[in-house]
Amino acid sequence: LRTGSGVSQTLRSPKMAQRAPRLRAAASAAVLAGVAFHTGALRLQRSAAAFTWAARARGAGATLPGLRRSGAGGTGVGPDVVFEASASSSGVSVTAALVRAAALSALGALAATRRRCLSGHRCQSASAPVRRALDAFGARSPARPERSRRHFFGGFGESTPTGDTNEVLETVNGIRRRRLGSTDMAVSELALGTQRWGGDDFNSPDEALCHALLDRGVLEGGINLIDTAESYPIPSSNQKPEGRTEEIIGSWMAKEPGRRDKVLIASKITGGMNITRQSIIKNCEGSLKRLGTDRMDVYLLHWPARYTPQSNWGQSLEYDWQKGRLAVPQAASFGDIVEAMGQLMEQGKIRGYGSCNDNAVGLMGMSAAARERGVPGPCCMQNDYSLLNRRIEENGLSEASSPALENCGFMAYNVLAGGMLTGKYGLDIENMDLEGPPPAAVDDPDEERGIRSNRDPRGRMDRRDWALTLIRYRTRAAREAMAEYKLLAKRAGLTATALALRFAAGRDAVTTSLLGHTSVEQLDECIKAFEEAARQPLDPQLCWDIDRVHVKNRLPLFTVDGARPERANRGKIGERIP
């Protein structure tokens with residue numbers, strides 16, 4: 001071992017040295033192959049009876065035994081020092097103990113996660129003695145077809161990926177199923193959204209209709225994903241309390257043995273200050289009890305524990321530094337969250353986790369914390385997404401979720417923008433389009449017609465409570481964009497609904513779309529749209545025409561009409577802006 005004038009190498013992360021369940025295999029391989037450190041990179045180079053093994057080591061926080069620190073005038077260590085060892089089938093020039101220590105320092109993180117150089121496909125070219133050494137210590141994973149990924153944020157500590165997120169794994173009854181994150185879960189790209197199932201709204205589906213939707217979607221269609229939350233239904237009441245939706249899903253599964261195995265269930269814990277390590281465990285167990293099952297497939301934060309301007313339905317895009325200074329230290333940390341989720345996974349109560357109404361900061365924060373603690377990272381995020389709201393593609397979340405980085409799935413909700421993209425509400429308020437449908441009741445300049453619409457509502461936008469909450473889908477910019485999308489759909493021979501759904505189905509960043517329905521007929525229309533998406537993508541020219549509308553105003557949902565001079569930083573319903 002050549003060390004210049006004699007130096008010690010202290011690598012960067014002390015915690016990495018504690019995560020090395022298979023280091024003996026690394027040491028055995030090192031004896032055969034030799035060790036070289038250079039700028040945090042480890043290379044075990046082929047010699048007479050060895051092989052080439054290259055991998056990037058992020059450090060293990062250990063000082064190599066038998067080496068002393070160089071003096072001020074010595075060659076030093078730094079990032080450029082190179083340790084070399086050579087080995088051959090006829091002999092080894094250094095002691096096994098020293099090579100073992102070198103392997104411990106360099107391969108700790110790699111061996112703990114079985115990724116990159118320790119994954120099976122990387123070892124197929126190794127010599128037979130090396131393969132036997134790896135097998136003996138359990139370091140080799142079964143051969144997998146995936147390619148390794150470079151993680152710019154420290155890609156060690158998460159579970160071994162089985163493939164790229166969003167890749168189509170199969171098609172069932174005409175509906176494609178895509179991989180969710182790095183997991184082996186294949187989710188239908190059309191999922192059942194359940195926010196109002198069993199709720200206290202004028203058109204909330206009752207239990208019988210919810211079961212009919214599940215029969216049509218799961219037993220007859222190709223749908224296998226159900227998205228719910230502990231706080232559903234919305235709105236709730238004393239007679240129809242929160243948690244009722246999970247009970248309805250549970251009662252459907254209990255009707256017949258084997259139904260649980262036909263579906264993947266995603267539920268959510270209420271966000272904000274409600275989130276603690278303890279509440280994540282306790283609330284998950286509560287959801288499992290209501291669902292009548294011992295396992296959940298995905299468990300999400302309904303909105304982040306920390307302050308962030310885009311949590312839930314906020315209209316603000318600007319981060320308030322002062323509020324962040326006060327609120328963030330009081331919230332559950334990324335570490336608390338991933339440790340609790342990791343515990344649930346270890347207990348077999350969930351298969352994966354993620355966050356809803358969050359952003360790239362949330363994804364990267366959880367991923368980094370998971371790597372630090374040696375637990376699996378998040379497998380999916382969930383956000384508002386539609387023709388009108390493509391911000392995940394432009395604010396960093398799509399980039400962070402990509403297979404090139406965190407390989408994380410994405411669930412889109414409000415793909416039909418609260419019903420506005422279906423075409424059932426009029427869009428030309430100022431010019432009073434008499435041939436088209438009336439606008440949403442709250443926007444209708446014809447007061448009498450608005451009253452009639454409110455009395456016999458077509459959907460939520462005809463009810464004042466919902467219409468004000470969902471005002472973001474009816475800004476002037478949003479209506480102008482929707483009018484153009486509606487015209488594009490007509491020219492393409494599509495319904496407005498079909499265009500919106502097939503657009504979402506064709507996006508690289510979207511794994512699945514969560515759709516709520518108030519009738520089986522609505523579900524049939526959605527199933528048809530996704531069947532068509534599986535058979536034929538949208539025409540490239542149509543996609544470009546959609547993009548041309550989009551770039552006129554990239555954030556139509558976040559424009560605000562009529563901000564008053566006397567209401568600083570407040571929108572129409574009191575939401576913070578900008």
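Up top you'll find the structure we're talking about.
Residues numbered from 1 in each chain as written. Predicted model: local features only at pLDDT ≥ 70, side-chain atom pairs only at ≥ 80, totals over all residues. Heavy atoms only, no water.

1. Concerning the overall build of the protein chain
The line we're drawing: Comment: elements are numbered from the N terminus, with helices defined as DSSP H or I runs of at least four residues and strands as E runs of at least two. Residue burial is assigned from relative accessible area. The probe radius is 1.4 Å, only protein chains are included, and a residue is buried under 20% of its type maximum, exposed over 50%, and partly exposed in between. Under the convention used here, a 1.4 Å probe and the Shrake-Rupley method define accessible areas, while residue burial counts only the protein chains that appear.
Helices and strands together make up the secondary structure of the protein chain, namely 16 helices and 17 strands. Taken over 578 residues, the protein chain has a buried fraction of 54%. When the accessible surface of the protein chain is split by element, carbon and sulfur atoms take 49% of a total near 25,200 Å².

2. A few points about the environment of Lys552
Structurally, the position occupied by Lys552 is in the segment after helix 16 (540–550). With a relative accessible area of 60%, Lys552 lands in the exposed category.

3. What about the sheet that holds strand 8 (residues 175–179)?
Rules: One requirement defines pairing of two strands: DSSP has to find at least two bridges between them. Fitted lines through C-alpha atoms serve as axes, helices being fitted only where they are in contact, and the angles separating the N-to-C directions of these axes extend from 0 to 180 degrees.
Taken in spatial order, the three strands line up as 7-8-9 in an open sheet, and their pairing is antiparallel. The open sheet has two edge strands, strand 7 (168–172) and strand 9 (186–188), and neither has a second partner. Each neighbouring strand pair of the sheet contributes to a mean axis angle of 30°, computed without reference to strand direction. Relative to strand 8, strand 7 is paired through four bridges, and the arrangement is antiparallel. What sits directly across from Val172, in strand 8, is Ile175.

4. Description of helix 9 (residues 360–373)
Operational definition: How far a helix is expected to stretch is found by multiplying one less than its residue total by 1.5 Å. Polar contacts, as used here, are pairs of N or O atoms within 3.5 Å; protein pairs need one atom able to donate a hydrogen and one able to accept it. Residues neighboring in sequence count only if both atoms are side-chain atoms.
For helix 9, built from 14 residues, the straight-helix expectation of 20 Å at 1.5 Å per residue is met to within 8% by its first-to-last C-alpha distance of 20 Å. Counting buried residues along helix 9, 10 of its 14 residues qualify, which places the element largely inside the surrounding structure. Along helix 9, the positions that sit buried rather than exposed are Ala360, Gly362, Leu363, Met364, Gly365, Met366, Ser367, Ala369, Ala370 and Arg371. You can read the cap of helix 9 off the contacts: a side-chain oxygen lies 3.0 Å from the backbone nitrogen of Val361, and it is on Asn359. Gly374 occupies a position one or two residues after helix 9 and carries a positive phi of about 70°.

5. Comments concerning the side chain of Arg371
Counting through the fold element by element, Arg371 comes out in helix 9. Owing to a relative accessible area of 4%, Arg371 belongs among the buried residues under this scheme. Here the side chain of Arg371 touches Glu406 through a polar contact of 3.2 Å, side chain to side chain.

6. Topic: a nonpolar patch on the surface
Cut-off, in case you're wondering: Patch definition: residues above 30% relative accessible area lacking any salt bridge, with like charges linked at up to 9 Å and the nonpolar side chains Val, Leu, Ile, Met, Phe, Trp and Tyr linked at up to 5 Å. The term salt bridge refers to a side-chain nitrogen of Lys or Arg lying within 4 Å of a carboxyl oxygen of Asp or Glu.
Nonpolar side chains collect at one region of the surface, where Tyr319, Trp321 and Val328 lie side by side and expose about 330 Å² of accessible area between them. Structurally, Val328 is set in the loop between helix 7 (321–327) and helix 8 (334–346).

7. So, the sheet that holds strand 14 (residues 350–356)
Cut-off, in case you're wondering: Contacts: residue pairs with any heavy atoms within 4.5 Å of one another.
Within the closed barrel, the eight strands sit side by side as 10-11-12-13-14-15-16-17. Their pairing is parallel. With strand direction ignored, the average angle separating the axes of adjacent strands in the sheet is 30°. Pairing of strand 11 (residues 225–227) with strand 12 (residues 264–269), which is carried by three bridges, proceeds in the parallel orientation. By the bridge assignment for strand 12, Ile226 is matched with Ile265. Together, strand 12, strand 13 (296–301) and strand 14 form the strand contacts of helix 6 (residues 277–291), whose direction differs from that of strand 13 by roughly 135°.

8. Focus: the pairing of strand 10 (residues 190–193)
Of the two faces of strand 10, the one holding Leu190 and Leu192 and the one holding Ala191 and Gly193 are both buried throughout. For strand 10 and strand 17 (residues 512–515), the ladder comprises three bridges, and the chain directions are parallel. Bridge pairing in strand 17 links Leu190 to Ser513. Across two bridges, the pairing between strand 10 and strand 11 is parallel. From the neighbouring strand, Leu192 faces strand 11, where its bridge partner is Ile226.

9. Observations regarding helix 8
Taking 1.5 Å per residue, 13 residues should reach 18 Å; helix 8 reaches 18 Å between its end C-alpha atoms and fits that length. Among all positions in helix 8, only Gly335, Ile337, Val338, Ala340, Met341, Gly342 and Leu344 are buried. The inward-facing, buried residues of helix 8 contact helix 6, strand 13, strand 14 and helix 9. Looking one or two residues beyond helix 8, the residue adopting positive phi is Gly348, at roughly 80°.

10. Describing the pattern of salt bridges
One side chain can pair with another of opposite charge once the charged atoms of both are near each other. Counting across every chain of the model gives 35 salt bridges. Arg244 is the salt-bridge partner of Glu207, the closest N and O atoms lying 2.7 Å from each other. Of this pair, Glu207 sits in helix 4 (residues 207–220) while Arg244 sits in helix 5 (residues 244–253); the two residues are 37 residues apart in sequence, bridging distant segments of the chain. By relative accessible area, Arg244 is classed as partly exposed at 26%. Ionic pairing is found between Arg260 and Asp297, a salt bridge with its closest N-O pair at 3.0 Å. Taken together, the residues span a long stretch of sequence, with Arg260 in the loop between helix 5 and strand 12 and Asp297 in strand 13 at a distance of 37 residues. We classify Arg260 as buried; its relative accessible area is 11%. A single salt-bridge network, built from bridges that share partners, covers Asp184, Arg260, Asp297 and Arg351.

11. As for unusual backbone geometry
Comment: phi is negative for the bulk of residues other than glycine, and the bulk of peptide bonds are trans. Going from Tyr232 to Pro233, the amide bond is cis rather than trans, its omega being 10°. The topology assignment puts Pro233 in the loop between strand 11 and helix 5. Here the amide bond leading from Ile234 into Pro235 is cis, since omega sits at 0°, within 30 degrees of zero. Relative to the helices and strands, Pro235 is located in the loop between strand 11 and helix 5. Positioned with a positive phi, Asn173 is a non-glycine residue whose angle comes to about 50°. Along the polypeptide, Asn173 turns up in the loop between strand 7 and strand 8. The partly exposed category is assigned to Asn173, whose relative accessible area is 45%.

Shape is all these values report; function is a separate question.
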